[in-house]
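So the chains spell out like this:
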Amino acid sequence: MNKPLRIGIAGLGTVGTGVVQALRQHGDLIAARAGRRIEIAAVAARDKKKKRDVDLSSYRWVDDAAALAKDKDIDAVVELIGGAEGPARALVENALDNGKTVVTANKALLAHHGYDLAQRAERNGTTLFYEASAAGGIPIIKALREGFAGNEIRAVYGILNGTCNYILTEMRETGRDFAAVLKDAQDKGYAEADPATDIDGIDAAHKLCILGTLAFGIRPEIGRVRTAGISAVTAADIAHATELGYRIKLLGIAQRHDDGSVVQSVEPCLVPVGTTIGAVEGVFNAVLVEGDFAGNNLSVGRGAGRGPTASAVVADLVDCAQGLKRPVFGIAAAQMKPAKWADPGAAAGHFYIHFIVKDRPGVLADIAAVMRDNDVSIESVLQRGRNPENPVSIVMTTHHAKRAAIDAACAQIGKLKAITGKPCLMRIETF
Ligand code: NDP
Ligand code: HSE
(Lines give C-alpha, C1' and ligand atoms only; values in the text may rest on other atoms or scores of the structure.)
(Ligands and ions follow the chains in the order given, each with its own letter.)
Protein backbone atom coordinates (compact mmCIF):
# COMPACT_ATOMS: atom_id res chain seq x y z
CA MET A 1 0.00 0.00 0.00
CA ASN A 2 1.08 3.61 -0.58
CA LYS A 3 2.75 5.53 2.20
CA PRO A 4 0.33 6.78 4.86
CA LEU A 5 -1.21 10.25 4.95
CA ARG A 6 0.17 11.84 8.13
CA ILE A 7 -2.18 14.29 9.83
CA GLY A 8 -2.02 16.73 12.72
CA ILE A 9 -5.24 17.44 14.59
CA ALA A 10 -5.69 20.81 16.30
CA GLY A 11 -8.68 20.84 18.65
CA LEU A 12 -9.76 17.81 20.66
CA GLY A 13 -13.27 18.74 21.73
CA THR A 14 -16.53 17.22 20.48
CA VAL A 15 -15.39 17.00 16.84
CA GLY A 16 -11.66 16.40 17.33
CA THR A 17 -12.16 13.43 19.64
CA GLY A 18 -14.82 12.09 17.26
CA VAL A 19 -12.32 12.13 14.40
CA VAL A 20 -9.73 10.29 16.52
CA GLN A 21 -12.40 7.71 17.43
CA ALA A 22 -13.49 7.18 13.82
CA LEU A 23 -9.91 6.78 12.57
CA ARG A 24 -9.17 4.25 15.33
CA GLN A 25 -12.40 2.30 14.95
CA HIS A 26 -12.47 2.17 11.14
CA GLY A 27 -8.74 2.35 10.33
CA ASP A 28 -8.74 -0.62 7.93
CA LEU A 29 -12.00 0.34 6.20
CA ILE A 30 -10.85 3.92 5.73
CA ALA A 31 -7.43 2.77 4.44
CA ALA A 32 -9.11 0.50 1.89
CA ARG A 33 -11.26 3.38 0.67
CA ALA A 34 -8.47 5.94 0.69
CA GLY A 35 -5.87 3.66 -0.86
CA ARG A 36 -3.51 4.27 2.04
CA ARG A 37 -3.63 4.55 5.81
CA ILE A 38 -4.47 7.80 7.54
CA GLU A 39 -2.17 8.16 10.53
CA ILE A 40 -2.41 10.69 13.33
CA ALA A 41 1.10 12.11 13.65
CA ALA A 42 0.38 14.80 16.25
CA VAL A 43 -2.44 16.33 18.28
CA ALA A 44 -2.87 19.72 19.93
CA ALA A 45 -5.41 21.44 22.17
CA ARG A 46 -5.27 24.01 24.96
CA ASP A 47 -4.98 21.76 27.97
CA LYS A 48 -2.85 18.61 27.83
CA LYS A 49 -4.11 17.44 31.23
CA LYS A 50 -7.81 17.61 30.37
CA LYS A 51 -9.58 14.25 30.57
CA ARG A 52 -10.88 13.25 27.14
CA ASP A 53 -13.03 10.35 25.92
CA VAL A 54 -10.27 8.93 23.71
CA ASP A 55 -6.82 7.53 24.41
CA LEU A 56 -4.28 9.97 22.98
CA SER A 57 -1.19 8.44 24.59
CA SER A 58 0.23 7.08 21.32
CA TYR A 59 0.19 10.46 19.57
CA ARG A 60 2.78 13.22 19.80
CA TRP A 61 1.33 16.12 21.83
CA VAL A 62 2.12 19.60 20.49
CA ASP A 63 1.73 22.42 23.01
CA ASP A 64 1.28 25.15 20.43
CA ALA A 65 -1.19 24.21 17.68
CA ALA A 66 0.36 26.86 15.43
CA ALA A 67 3.47 24.67 15.13
CA LEU A 68 1.48 22.08 13.13
CA ALA A 69 1.50 24.46 10.15
CA LYS A 70 5.23 23.92 9.68
CA ASP A 71 5.57 20.39 11.05
CA LYS A 72 7.63 18.38 8.52
CA ASP A 73 6.09 15.10 9.69
CA ILE A 74 2.58 16.24 8.71
CA ASP A 75 0.95 16.22 5.25
CA ALA A 76 -2.43 17.62 6.29
CA VAL A 77 -3.60 19.84 9.13
CA VAL A 78 -7.06 19.20 10.61
CA GLU A 79 -8.31 22.41 12.22
CA LEU A 80 -11.06 21.73 14.78
CA ILE A 81 -10.56 24.66 17.14
CA GLY A 82 -13.26 26.97 15.76
CA GLY A 83 -13.70 30.74 15.42
CA ALA A 84 -13.32 33.11 12.49
CA GLU A 85 -10.18 34.73 13.89
CA GLY A 86 -7.41 33.94 16.37
CA PRO A 87 -5.59 30.61 16.51
CA ALA A 88 -7.85 28.81 14.02
CA ARG A 89 -7.41 31.43 11.31
CA ALA A 90 -3.67 31.74 11.88
CA LEU A 91 -3.21 27.95 11.76
CA VAL A 92 -5.21 27.50 8.56
CA GLU A 93 -3.50 30.41 6.78
CA ASN A 94 -0.01 29.30 7.79
CA ALA A 95 -0.66 25.66 6.93
CA LEU A 96 -1.85 26.66 3.43
CA ASP A 97 1.14 28.99 3.03
CA ASN A 98 3.36 26.03 3.86
CA GLY A 99 1.68 23.97 1.13
CA LYS A 100 -0.18 21.66 3.49
CA THR A 101 -3.68 20.46 2.77
CA VAL A 102 -6.15 21.67 5.37
CA VAL A 103 -9.34 19.99 6.56
CA THR A 104 -11.65 22.06 8.75
CA ALA A 105 -15.16 22.08 10.20
CA ASN A 106 -14.98 25.82 10.78
CA LYS A 107 -17.91 27.53 9.05
CA ALA A 108 -17.26 30.88 10.74
CA LEU A 109 -13.78 30.98 9.20
CA LEU A 110 -15.04 30.01 5.73
CA ALA A 111 -17.92 32.50 5.79
CA HIS A 112 -15.66 35.38 6.83
CA HIS A 113 -12.45 34.56 4.97
CA GLY A 114 -13.39 31.92 2.41
CA TYR A 115 -12.40 33.94 -0.65
CA ASP A 116 -9.00 34.81 0.75
CA LEU A 117 -8.43 31.19 1.79
CA ALA A 118 -9.41 29.93 -1.68
CA GLN A 119 -6.88 32.29 -3.27
CA ARG A 120 -4.25 31.33 -0.71
CA ALA A 121 -4.75 27.61 -1.34
CA GLU A 122 -4.41 28.10 -5.11
CA ARG A 123 -1.33 30.27 -4.75
CA ASN A 124 0.34 27.55 -2.72
CA GLY A 125 -0.73 24.65 -4.93
CA THR A 126 -2.80 23.06 -2.21
CA THR A 127 -6.44 22.91 -1.14
CA LEU A 128 -8.86 23.21 1.73
CA PHE A 129 -11.64 20.71 2.53
CA TYR A 130 -14.62 21.67 4.72
CA GLU A 131 -17.42 19.09 4.36
CA ALA A 132 -18.16 19.26 8.10
CA SER A 133 -18.75 23.01 7.98
CA ALA A 134 -22.39 22.78 6.83
CA ALA A 135 -25.23 20.44 7.76
CA GLY A 136 -23.14 18.00 9.85
CA GLY A 137 -23.29 14.48 8.45
CA ILE A 138 -25.07 15.44 5.19
CA PRO A 139 -22.45 15.44 2.38
CA ILE A 140 -23.82 18.68 0.93
CA ILE A 141 -20.50 20.36 0.12
CA LYS A 142 -19.44 17.50 -2.12
CA ALA A 143 -22.93 17.39 -3.61
CA LEU A 144 -22.89 21.07 -4.55
CA ARG A 145 -19.26 21.11 -5.70
CA GLU A 146 -19.36 17.85 -7.68
CA GLY A 147 -22.75 16.14 -7.82
CA PHE A 148 -24.64 19.17 -9.15
CA ALA A 149 -21.76 20.44 -11.33
CA GLY A 150 -23.94 20.15 -14.46
CA ASN A 151 -26.72 22.34 -13.09
CA GLU A 152 -27.44 26.00 -12.81
CA ILE A 153 -28.64 26.17 -9.23
CA ARG A 154 -31.64 28.39 -8.55
CA ALA A 155 -31.92 27.95 -4.81
CA VAL A 156 -30.47 26.16 -1.83
CA TYR A 157 -32.33 26.23 1.45
CA GLY A 158 -33.23 24.33 4.54
CA ILE A 159 -32.68 23.69 8.22
CA LEU A 160 -29.02 24.35 8.90
CA ASN A 161 -28.69 24.52 12.67
CA GLY A 162 -29.16 21.37 14.73
CA THR A 163 -29.24 23.17 18.07
CA CYS A 164 -32.13 25.45 17.06
CA ASN A 165 -34.12 22.65 15.48
CA TYR A 166 -33.57 20.54 18.59
CA ILE A 167 -34.75 23.37 20.85
CA LEU A 168 -37.85 24.15 18.77
CA THR A 169 -38.78 20.45 18.58
CA GLU A 170 -38.24 19.74 22.27
CA MET A 171 -40.15 22.85 23.37
CA ARG A 172 -43.13 21.79 21.27
CA GLU A 173 -43.06 18.09 22.10
CA THR A 174 -42.21 18.22 25.80
CA GLY A 175 -43.24 21.73 26.87
CA ARG A 176 -39.81 22.22 28.48
CA ASP A 177 -38.53 25.77 28.58
CA PHE A 178 -35.90 27.27 26.30
CA ALA A 179 -33.02 27.39 28.80
CA ALA A 180 -33.40 23.75 29.88
CA VAL A 181 -33.47 22.47 26.31
CA LEU A 182 -30.48 24.61 25.33
CA LYS A 183 -28.49 23.13 28.23
CA ASP A 184 -29.44 19.68 26.94
CA ALA A 185 -28.19 20.59 23.43
CA GLN A 186 -24.90 21.81 24.91
CA ASP A 187 -24.48 18.58 26.91
CA LYS A 188 -25.01 16.57 23.73
CA GLY A 189 -22.22 18.52 21.97
CA TYR A 190 -24.54 20.21 19.44
CA ALA A 191 -24.03 23.85 20.40
CA GLU A 192 -21.19 26.20 19.48
CA ALA A 193 -18.70 27.31 22.17
CA ASP A 194 -20.88 30.43 22.53
CA PRO A 195 -24.44 29.14 22.06
CA ALA A 196 -25.64 32.64 21.13
CA THR A 197 -24.02 31.87 17.78
CA ASP A 198 -26.65 29.16 17.29
CA ILE A 199 -29.63 30.93 18.87
CA ASP A 200 -29.09 34.21 17.04
CA GLY A 201 -28.96 32.50 13.64
CA ILE A 202 -25.28 33.34 13.09
CA ASP A 203 -24.14 29.74 12.73
CA ALA A 204 -26.88 29.03 10.16
CA ALA A 205 -25.89 32.25 8.35
CA HIS A 206 -22.27 31.05 8.14
CA LYS A 207 -23.44 27.77 6.64
CA LEU A 208 -25.85 29.42 4.22
CA CYS A 209 -23.08 31.76 3.10
CA ILE A 210 -20.88 28.74 2.26
CA LEU A 211 -23.70 26.93 0.44
CA GLY A 212 -24.65 30.07 -1.52
CA THR A 213 -21.02 30.57 -2.52
CA LEU A 214 -20.81 27.02 -3.89
CA ALA A 215 -24.25 27.10 -5.51
CA PHE A 216 -23.91 30.41 -7.33
CA GLY A 217 -20.13 30.72 -7.85
CA ILE A 218 -20.04 34.02 -5.96
CA ARG A 219 -17.67 35.35 -3.31
CA PRO A 220 -18.79 34.70 0.26
CA GLU A 221 -20.08 37.87 1.97
CA ILE A 222 -21.43 37.05 5.39
CA GLY A 223 -22.71 40.61 5.82
CA ARG A 224 -25.20 39.94 3.00
CA VAL A 225 -27.14 37.26 4.87
CA ARG A 226 -30.18 38.84 6.47
CA THR A 227 -30.09 37.09 9.85
CA ALA A 228 -32.57 36.59 12.69
CA GLY A 229 -32.50 33.88 15.35
CA ILE A 230 -35.04 32.05 17.49
CA SER A 231 -34.71 33.92 20.78
CA ALA A 232 -37.93 35.89 20.16
CA VAL A 233 -39.92 32.71 19.45
CA THR A 234 -42.03 31.87 22.51
CA ALA A 235 -43.85 28.77 23.66
CA ALA A 236 -47.04 30.66 22.72
CA ASP A 237 -45.79 31.10 19.12
CA ILE A 238 -45.03 27.39 18.92
CA ALA A 239 -48.56 26.61 20.18
CA HIS A 240 -50.21 29.12 17.78
CA ALA A 241 -48.23 27.75 14.83
CA THR A 242 -49.31 24.21 15.74
CA GLU A 243 -52.94 25.33 15.95
CA LEU A 244 -52.64 26.86 12.47
CA GLY A 245 -51.10 23.66 11.02
CA TYR A 246 -47.45 24.73 10.94
CA ARG A 247 -44.09 23.95 12.52
CA ILE A 248 -41.59 26.72 13.33
CA LYS A 249 -38.20 26.11 11.70
CA LEU A 250 -35.10 28.27 11.49
CA LEU A 251 -34.65 28.32 7.71
CA GLY A 252 -31.66 29.44 5.67
CA ILE A 253 -32.69 30.41 2.14
CA ALA A 254 -30.37 31.41 -0.73
CA GLN A 255 -32.04 32.18 -4.05
CA ARG A 256 -30.88 33.41 -7.42
CA HIS A 257 -33.47 35.40 -9.38
CA ASP A 258 -33.82 35.35 -13.17
CA ASP A 259 -31.84 38.61 -13.45
CA GLY A 260 -28.90 36.90 -11.69
CA SER A 261 -29.34 38.78 -8.41
CA VAL A 262 -29.01 36.79 -5.19
CA VAL A 263 -30.82 37.04 -1.86
CA GLN A 264 -29.85 35.19 1.32
CA SER A 265 -31.68 35.03 4.63
CA VAL A 266 -31.80 33.10 7.88
CA GLU A 267 -34.91 33.49 10.01
CA PRO A 268 -37.55 31.47 11.87
CA CYS A 269 -40.35 30.56 9.47
CA LEU A 270 -43.65 28.71 9.64
CA VAL A 271 -43.61 25.56 7.51
CA PRO A 272 -46.74 23.44 6.85
CA VAL A 273 -46.86 20.29 8.97
CA GLY A 274 -47.43 18.08 5.91
CA THR A 275 -44.20 19.05 4.11
CA THR A 276 -40.98 17.04 4.27
CA ILE A 277 -39.07 19.94 5.80
CA GLY A 278 -41.87 20.43 8.34
CA ALA A 279 -41.30 16.85 9.47
CA VAL A 280 -37.55 17.28 10.05
CA GLU A 281 -37.25 17.35 13.82
CA GLY A 282 -34.67 17.33 16.60
CA VAL A 283 -30.99 17.66 15.71
CA PHE A 284 -31.71 16.76 12.08
CA ASN A 285 -30.92 19.18 9.25
CA ALA A 286 -32.43 19.27 5.76
CA VAL A 287 -30.99 20.89 2.63
CA LEU A 288 -32.95 21.33 -0.57
CA VAL A 289 -31.10 22.11 -3.80
CA GLU A 290 -33.04 23.30 -6.85
CA GLY A 291 -31.05 22.47 -9.98
CA ASP A 292 -32.30 23.23 -13.49
CA PHE A 293 -31.51 19.73 -14.78
CA ALA A 294 -31.62 17.65 -11.59
CA GLY A 295 -34.79 19.30 -10.29
CA ASN A 296 -35.36 19.43 -6.55
CA ASN A 297 -33.12 17.32 -4.36
CA LEU A 298 -33.63 17.04 -0.60
CA SER A 299 -31.02 15.66 1.81
CA VAL A 300 -31.82 14.98 5.46
CA GLY A 301 -29.42 13.92 8.19
CA ARG A 302 -28.01 14.69 11.61
CA GLY A 303 -26.77 18.26 11.61
CA ALA A 304 -24.57 18.37 14.70
CA GLY A 305 -22.77 16.27 17.26
CA ARG A 306 -19.65 14.15 17.43
CA GLY A 307 -20.51 11.24 15.11
CA PRO A 308 -21.99 13.06 12.09
CA THR A 309 -19.35 15.78 12.14
CA ALA A 310 -16.47 13.33 12.48
CA SER A 311 -17.96 11.37 9.58
CA ALA A 312 -17.74 14.47 7.37
CA VAL A 313 -14.17 15.28 8.45
CA VAL A 314 -13.04 11.72 7.72
CA ALA A 315 -14.67 11.87 4.26
CA ASP A 316 -12.48 14.91 3.55
CA LEU A 317 -9.41 13.04 4.81
CA VAL A 318 -10.15 10.23 2.35
CA ASP A 319 -10.27 12.76 -0.53
CA CYS A 320 -7.09 14.26 0.81
CA ALA A 321 -5.37 10.83 0.99
CA GLN A 322 -6.38 10.23 -2.63
CA GLY A 323 -4.63 13.44 -3.61
CA LEU A 324 -7.77 15.29 -4.77
CA LYS A 325 -6.96 18.95 -5.37
CA ARG A 326 -10.22 20.62 -6.32
CA PRO A 327 -10.63 24.41 -6.24
CA VAL A 328 -11.92 25.26 -2.78
CA PHE A 329 -15.36 26.46 -3.96
CA GLY A 330 -15.51 24.27 -7.05
CA ILE A 331 -14.32 26.99 -9.47
CA ALA A 332 -11.01 28.84 -9.68
CA ALA A 333 -10.91 31.77 -7.25
CA ALA A 334 -10.40 34.16 -10.18
CA GLN A 335 -13.82 33.12 -11.51
CA MET A 336 -15.63 33.79 -8.24
CA LYS A 337 -17.37 37.11 -8.89
CA PRO A 338 -18.87 39.49 -6.34
CA ALA A 339 -22.61 38.80 -6.26
CA LYS A 340 -25.27 41.22 -7.44
CA TRP A 341 -27.45 41.43 -4.32
CA ALA A 342 -31.23 41.68 -4.49
CA ASP A 343 -33.11 43.89 -2.03
CA PRO A 344 -34.46 41.56 0.72
CA GLY A 345 -37.31 44.04 1.33
CA ALA A 346 -38.61 43.40 -2.19
CA ALA A 347 -39.28 39.74 -1.35
CA ALA A 348 -42.94 38.88 -0.87
CA GLY A 349 -44.88 36.10 0.79
CA HIS A 350 -47.35 35.22 3.51
CA PHE A 351 -46.59 36.16 7.12
CA TYR A 352 -47.51 35.23 10.69
CA ILE A 353 -47.65 38.06 13.23
CA HIS A 354 -48.17 37.72 16.97
CA PHE A 355 -49.14 40.87 18.89
CA ILE A 356 -49.49 41.08 22.65
CA VAL A 357 -52.17 43.68 23.32
CA LYS A 358 -54.11 45.29 26.13
CA ASP A 359 -57.55 43.74 25.87
CA ARG A 360 -59.66 46.82 25.18
CA PRO A 361 -62.24 47.72 22.52
CA GLY A 362 -60.87 48.99 19.20
CA VAL A 363 -57.39 47.41 19.35
CA LEU A 364 -58.08 45.04 16.52
CA ALA A 365 -59.50 47.88 14.43
CA ASP A 366 -56.37 49.98 15.05
CA ILE A 367 -54.11 47.10 13.98
CA ALA A 368 -56.23 46.42 10.90
CA ALA A 369 -56.09 50.11 9.94
CA VAL A 370 -52.28 50.10 9.94
CA MET A 371 -52.28 46.92 7.87
CA ARG A 372 -54.68 48.55 5.38
CA ASP A 373 -52.55 51.71 5.19
CA ASN A 374 -49.52 49.58 4.31
CA ASP A 375 -51.43 47.59 1.70
CA VAL A 376 -51.24 44.36 3.69
CA SER A 377 -54.27 42.09 3.42
CA ILE A 378 -55.15 39.97 6.48
CA GLU A 379 -55.91 36.30 5.86
CA SER A 380 -56.89 35.11 9.36
CA VAL A 381 -57.08 36.37 12.94
CA LEU A 382 -56.84 34.28 16.10
CA GLN A 383 -57.69 35.65 19.55
CA ARG A 384 -58.21 33.45 22.54
CA GLY A 385 -59.91 34.42 25.80
CA ARG A 386 -60.93 37.77 27.23
CA ASN A 387 -58.88 39.37 29.98
CA PRO A 388 -59.22 43.15 30.43
CA GLU A 389 -56.79 42.95 33.38
CA ASN A 390 -53.90 41.34 31.49
CA PRO A 391 -52.38 41.45 27.99
CA VAL A 392 -53.74 38.93 25.48
CA SER A 393 -52.42 37.53 22.20
CA ILE A 394 -53.69 38.39 18.74
CA VAL A 395 -52.27 36.24 15.98
CA MET A 396 -52.68 37.15 12.31
CA THR A 397 -51.69 35.55 9.06
CA THR A 398 -51.53 37.69 5.94
CA HIS A 399 -52.19 37.20 2.26
CA HIS A 400 -49.27 37.66 -0.13
CA ALA A 401 -47.50 40.89 0.88
CA LYS A 402 -44.17 42.64 0.36
CA ARG A 403 -41.62 42.19 3.14
CA ALA A 404 -40.94 45.91 3.29
CA ALA A 405 -44.68 46.61 3.75
CA ILE A 406 -44.98 44.06 6.55
CA ASP A 407 -41.88 45.42 8.30
CA ALA A 408 -43.28 48.97 8.08
CA ALA A 409 -46.71 47.87 9.37
CA CYS A 410 -45.18 45.99 12.33
CA ALA A 411 -43.00 48.97 13.24
CA GLN A 412 -46.07 51.25 13.26
CA ILE A 413 -48.25 48.78 15.14
CA GLY A 414 -45.47 48.32 17.71
CA LYS A 415 -45.90 52.02 18.58
CA LEU A 416 -49.66 51.82 19.25
CA LYS A 417 -50.50 52.44 22.92
CA ALA A 418 -52.40 49.18 23.31
CA ILE A 419 -49.49 47.04 22.11
CA THR A 420 -47.11 45.66 24.70
CA GLY A 421 -43.70 44.44 23.49
CA LYS A 422 -42.40 43.93 19.99
CA PRO A 423 -44.66 42.04 17.55
CA CYS A 424 -43.25 38.63 16.57
CA LEU A 425 -43.16 38.42 12.77
CA MET A 426 -42.38 35.23 10.86
CA ARG A 427 -42.53 34.34 7.20
CA ILE A 428 -44.78 31.44 6.16
CA GLU A 429 -42.81 29.25 3.73
CA THR A 430 -44.93 26.92 1.65
CA PHE A 431 -42.18 26.01 -0.88
P1 NDP B 1 -15.14 22.25 21.26
O2 NDP B 1 -15.31 23.50 22.01
O3 NDP B 1 -15.75 21.00 21.78
O4 NDP B 1 -13.57 21.95 21.04
C5 NDP B 1 -12.67 22.96 20.70
C6 NDP B 1 -11.27 22.42 20.89
O7 NDP B 1 -10.35 23.44 20.48
C8 NDP B 1 -10.93 22.05 22.32
O9 NDP B 1 -10.26 20.81 22.35
C10 NDP B 1 -9.96 23.16 22.78
O11 NDP B 1 -8.96 22.73 23.67
C12 NDP B 1 -9.32 23.51 21.45
N13 NDP B 1 -8.74 24.84 21.47
C14 NDP B 1 -9.33 26.02 21.78
N15 NDP B 1 -8.45 27.04 21.67
C16 NDP B 1 -7.28 26.48 21.27
C17 NDP B 1 -6.00 27.00 20.99
N18 NDP B 1 -5.74 28.29 21.10
N19 NDP B 1 -5.03 26.13 20.60
C20 NDP B 1 -5.30 24.81 20.50
N21 NDP B 1 -6.50 24.27 20.74
C22 NDP B 1 -7.48 25.09 21.13
O23 NDP B 1 -15.65 22.54 19.78
P24 NDP B 1 -16.27 21.54 18.73
O25 NDP B 1 -15.47 20.30 18.66
O26 NDP B 1 -17.75 21.42 18.95
O27 NDP B 1 -16.12 22.39 17.37
C28 NDP B 1 -14.91 22.47 16.67
C29 NDP B 1 -15.17 23.08 15.30
O30 NDP B 1 -16.10 22.27 14.59
C31 NDP B 1 -15.79 24.49 15.34
O32 NDP B 1 -15.34 25.22 14.22
C33 NDP B 1 -17.28 24.20 15.17
O34 NDP B 1 -17.99 25.28 14.64
C35 NDP B 1 -17.23 23.05 14.20
N36 NDP B 1 -18.39 22.18 14.16
C37 NDP B 1 -18.91 21.65 15.32
C38 NDP B 1 -19.97 20.80 15.28
C39 NDP B 1 -20.57 20.21 16.48
O40 NDP B 1 -21.61 19.54 16.35
N41 NDP B 1 -20.00 20.37 17.67
C42 NDP B 1 -20.59 20.44 13.98
C43 NDP B 1 -19.95 21.02 12.82
C44 NDP B 1 -18.89 21.86 12.93
P45 NDP B 1 -9.28 22.15 25.14
O46 NDP B 1 -10.09 20.92 24.93
O47 NDP B 1 -7.93 21.84 25.71
O48 NDP B 1 -10.03 23.23 25.86
N1 HSE C 1 -23.81 24.27 16.51
C2 HSE C 1 -24.02 23.68 15.25
C3 HSE C 1 -25.45 23.25 15.13
C4 HSE C 1 -23.10 22.53 15.07
O5 HSE C 1 -26.13 23.14 16.15
O6 HSE C 1 -25.93 23.02 14.03
C7 HSE C 1 -23.15 21.92 13.69
O8 HSE C 1 -22.60 22.77 12.75
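Bear in mind the structure is a predicted one, so any value in this text is a computation, not a measurement. (Residues numbered from 1 in each chain as written. Chains lettered and ligands numbered in written order. Predicted model: local features only at pLDDT ≥ 70, side-chain atom pairs only at ≥ 80, totals over all residues. Heavy atoms only, no water.)

1. Some details on a nonpolar patch on the surface
Taken together, Phe284, Leu298 and Val300 make up a surface patch of nonpolar side chains, about 210 Å² in accessible area. Tracing the backbone through its elements, the reader meets Val300 in strand E12 (residues 295–302). (Patch = residues over 30% accessible without salt bridge, like charges linked within 9 Å, V, L, I, M, F, W, Y side chains within 5 Å. Areas by Shrake-Rupley, 256 points an atom, 1.4 Å probe, with all protein chains shown as cover. Salt bridge = Lys/Arg side-chain N within 4 Å of Asp/Glu carboxyl O. Helix = DSSP H or I, 4+ residues; strand = E, 2+ residues; numbered from the N terminus.)

2. Thoughts on the pattern of salt bridges
Tallied over the full model, the rule gives 32 salt bridges. Residue Arg120 is joined to Glu93 by a salt bridge in which the shortest nitrogen-to-oxygen separation is 3.8 Å. A residue pair is termed long-range when its members are at least 10 positions apart, and Arg120 in helix H4 (residues 107–123) and Glu93 in helix H3 (residues 86–97) qualify at 27 residues. On the accessibility criterion, Arg120 (13% relative accessible area) is buried. Here Glu93 falls in the buried class, since its relative accessible area comes to 13%. Several salt bridges converge on common partners, so that one network encompasses Glu85, Arg89, Glu93, Asp97, Asp116 and Arg120. (Buried < 20%, exposed > 50% of the residue type's maximum accessible area, 1.4 Å probe, protein only.)

3. Comments concerning the nonpolar core
Nonpolar side chains in soluble globular proteins tend to end up buried together. Core analysis: the biggest nonpolar cluster contains 83 residues, and Leu68, Ile140, Leu144, Leu211 and Phe329 have the highest contact counts within it. Sort the elements by how many residues they give to this core and helix H9 (residues 202–216) lands first, with nine residues. Beyond its immediate stretch of four places on either side in the chain, Leu68 contacts Gly8, Ile9, Ala10, Ala42, Ala44, Val62, Ile74, Val77, Leu91 and Lys100. By size, the runner-up hydrophobic cluster in this structure holds 34 residues, among which are Ile30, Ile38, Leu317 and Ala321. (Core = buried A, V, L, I, M, F, W, Y, C linked by side-chain atoms within 4.5 Å. Contact = heavy atoms within 4.5 Å.)

4. Some remarks on the site of ligand 1
Surveying the vicinity of ligand 1 reveals 24 residues, the closest of which are Leu12, Asp47, Arg52, Glu192 and Gly305. Here an oxygen atom of ligand 1 sits 3.1 Å away from a polar atom, N or O, in the main chain of Gly13. For ligand 1, whose accessible area on its own is 910 Å², the fraction buried by protein is 85%. Partitioning the shell around ligand 1 into residue classes produces 10 nonpolar, eight polar and six charged. (Near = heavy atom within 4 Å. Polar contact = N/O pair within 3.5 Å; in protein donor to acceptor, adjacent residues only side chain to side chain. Nonpolar A, V, L, I, M, F, W, Y, C, P; charged D, E, K, R; others polar.)

5. Some remarks on the packing of aromatic side chains
Under the criterion given, the structure shown has three aromatic pairs. Summarising the aromatic geometry, the rings of Tyr130 and Phe329 are spaced 5.5 Å apart at their centres and angled 50° between planes, so their arrangement reads as tilted. Of this pair, Tyr130 sits in the loop between strand E6 (128–129) and helix H5 (140–147) while Phe329 is found in the loop between helix H11 (306–321) and strand E13 (348–358), placing the two residues 199 residues apart along the sequence. The same class applies to Tyr130 as to Phe329, namely buried. Here the aromatic rings of Tyr166 and Tyr190 are separated by 5.5 Å at their centres, their planes lie at 75°, and the arrangement is edge-to-face. Taken together, the positions of Tyr166 in helix H6 (residues 162–174) and Tyr190 in the loop between helix H7 (178–187) and helix H8 (196–199) put the pair 24 residues apart, joining distant regions of the chain. (Phe/Tyr/Trp six-rings, centres within 6.5 Å; stacked < 30°, edge-to-face > 60°.)

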